[in-house]
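# An overview of the molecular structure
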Amino acid sequence: KPMRHRDISNNSSSSSRLATAVPTPRHDLNRPPKPATAAAAAANTITTVPQQQQQQQPAVAIPALAPTAAAAASAAAVAYDAAYTADTWSRRPVPVVARLLEIVAAFGGWWARAAVHKDTTRAAADMRTVLVNLGPAFVKIGQALSSRPDVLPPEYLRELELLQDRIPPFPDDEALQVIEEELGVPWRRVFSTLSSSPVAAASLGQVYRGTLVGSGAEVAVKVQRPGVVDAIGRDTFILRNLAAVARQQLKLNTDLPALVDEWAASLFKELDYRRWAMVMIVYIYKT
């Protein structure tokens, strides 16, 4: 729905890629709720507006914004559909094969290096680097494995735990471009200030500190990594096909492609910041 000029002191406002919520004084911009408990998100921009006092604050007005093409595109992109993903990427064999070769080369290089130095700690650190370099989908896999002591040795668990909060940010100029595409106006028409660098970065996006024009309210602006939806869709398509091959060749009873679909559906939910905003609202008013 289009953004409208409205009072958000007791509510929230959201479009497909922009949402607002009102935290309490206990919420620090540098310490947002953990993604795992907030169904963490991503679709391009989220703004959270903290109250400065315990008592009711004056209404904070968000400038009226017309829906943008970017917002409409993101609304259609953040729901996972296995058939649609398969149809989309089966028509694009060149980037799929190129990506598959990149994945094979990355893991092949890791295996070769580990076989030479035979140092588990070093191999674990190398694995973390490989996952970061391969992008968000593989970072998410690493994050999931970091809590599986039944699957990986302690050295790997320690390294993969670092993927929870030590992800390199993407360039600030790209973030500003995403913000302006989402808002449909120059960012200075909405924010009087934005931090020159992110205060936090994760696998799907990063957060800037800003101030709203007019009200002067301090806000957190969460921006999704450019191209992340396409990248995850492509990687999901590849992983699903590899899972199908593995199931057939190893004659497994477990439906591996279905497991990939379940994981992908959960991941794509994180790509919708409207969901993140609604979880924030519930979290805020329950605490």
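Residues numbered from 1 in each chain as written. Predicted model: local features only at pLDDT ≥ 70, side-chain atom pairs only at ≥ 80, totals over all residues. Heavy atoms only, no water.

### Some details on unusual backbone geometry
Heads up, the condition is: To qualify as a helix, a DSSP run of H or I must reach at least 4 residues; to qualify as a strand, a run of E must reach at least 2; elements of each kind are numbered from the N terminus. Each residue is placed in one exposure class: buried if its accessible area under a 1.4 Å probe, protein chains only, is under 20% of its type's maximum, exposed if it is over 50%, and partly exposed if it falls in between.
One non-glycine residue, Lys118, adopts positive backbone phi at about 50°. Locating Lys118 in the fold gives a position in the loop between helix H4 (93–117) and helix H5 (120–134). The exposure class of Lys118 is exposed, given its relative accessible area of 69%.

### Things to note about the confidence of the model for the protein chain
How we decide: The predictor attaches a confidence to each residue, called pLDDT, with possible values from 0 through 100. Should any heavy atoms of two residues lie within 4.5 Å, those residues are considered in contact.
The share of residues in the protein chain with pLDDT of 70 or more is 73%, and the mean pLDDT across the chain is 78. Contacts from residues 1–67, a stretch scored under 50 in pLDDT, to residues over four places away or in other chains number 189 contacts.

### So, the packing of helix H3 (residues 82–90) against helix H9 (residues 228–250)
We count it as follows: To define axes, lines are fitted to C-alpha atoms, for helices over the stretch in contact only, and angles between the resulting N-to-C directions are given on a 0 to 180 degree scale. Throughout this description, any angle smaller than 35 degrees is read as roughly parallel, any larger than 145 degrees as roughly antiparallel, any in the 65 to 115 degree range as roughly perpendicular, and the remainder as oblique. Three residue categories are used. Nonpolar comprises Ala, Val, Leu, Ile, Met, Phe, Trp, Tyr, Cys and Pro, charged comprises Asp, Glu, Lys and Arg, and polar comprises the others, including Gly.
Two elements in contact, H3 and H9, have axes separated by 9 Å at closest approach and are oriented at 95°. Judged by the inter-axis angle, H3 sits roughly perpendicular to H9. Every residue of H9 that contacts H3 at Ala82, Thr85, Ala86, Trp89 and Ser90 is listed here: Asp230, Gly233, Arg234, Phe237 and Arg240. Its residues assigned to classes, the contact of H3 with H9 comprises four nonpolar, three polar and three charged.

### Quick look at the packing of H5 against helix H7 (residues 154–161)
The condition that has to hold: Left-handed describes a crossing whose near helix is turned anticlockwise from the far helix by less than a right angle; the clockwise case is right-handed.
Two elements in contact, H5 and H7, have axes whose closest approach is 8 Å; the angle formed by their N-to-C orientations is 35°. Along this stretch, H5 crosses H7, giving a crossing that reads as right-handed. Note on element contacts: H7 touches H5 through Glu155, Tyr156, Glu159 and Leu160, opposite Thr120, Thr121, Ala123, Ala124, Ala125, Met127, Arg128 and Leu131. Across the contact of H5 with H7, the residue classes tally to seven nonpolar, two polar and three charged.

### Regarding the side chain of Gln143
Looking at the element boundaries, Gln143 is found in helix H6 (residues 136–145). Gln143 has contacts with Leu163, Gln164 and Ser203, leaving out every residue within four places of it along the chain.

### Topic: the pairing of strand E6 (residues 205–212)
Heads up, the condition is: Any two strands with at least two DSSP-identified bridges between them are counted as paired.
The element E6 is extensively covered by neighbouring structure, given that six of its eight residues are classed as buried. Pairing of strand E4 (residues 191–194) with E6 involves three bridges; the strand directions are antiparallel. Across the sheet, residue Phe191 finds its bridge partner in E6, namely Leu212. Where strand E5 (residues 200–201) meets E6, two bridges bridge the pair, whose relative direction is antiparallel.

### Side note on the pattern of salt bridges
Rules: We count a salt bridge whenever a side-chain nitrogen from Lys or Arg sits within 4 Å of a carboxyl oxygen from Asp or Glu.
Summed over all chains, the structure comprises 11 salt bridges. In this structure, Glu159 engages Arg128 in a salt bridge whose closest nitrogen and oxygen atoms are separated by 2.7 Å. Of this pair, Glu159 sits in helix H7 while Arg128 sits in helix H5; the two residues are 31 residues apart in sequence, bridging distant segments of the chain. Look at Glu159 and you get buried, because its relative accessible area is 15%. Asp261 serves as the salt-bridge partner of Arg240, at 2.7 Å between the closest nitrogen and oxygen.

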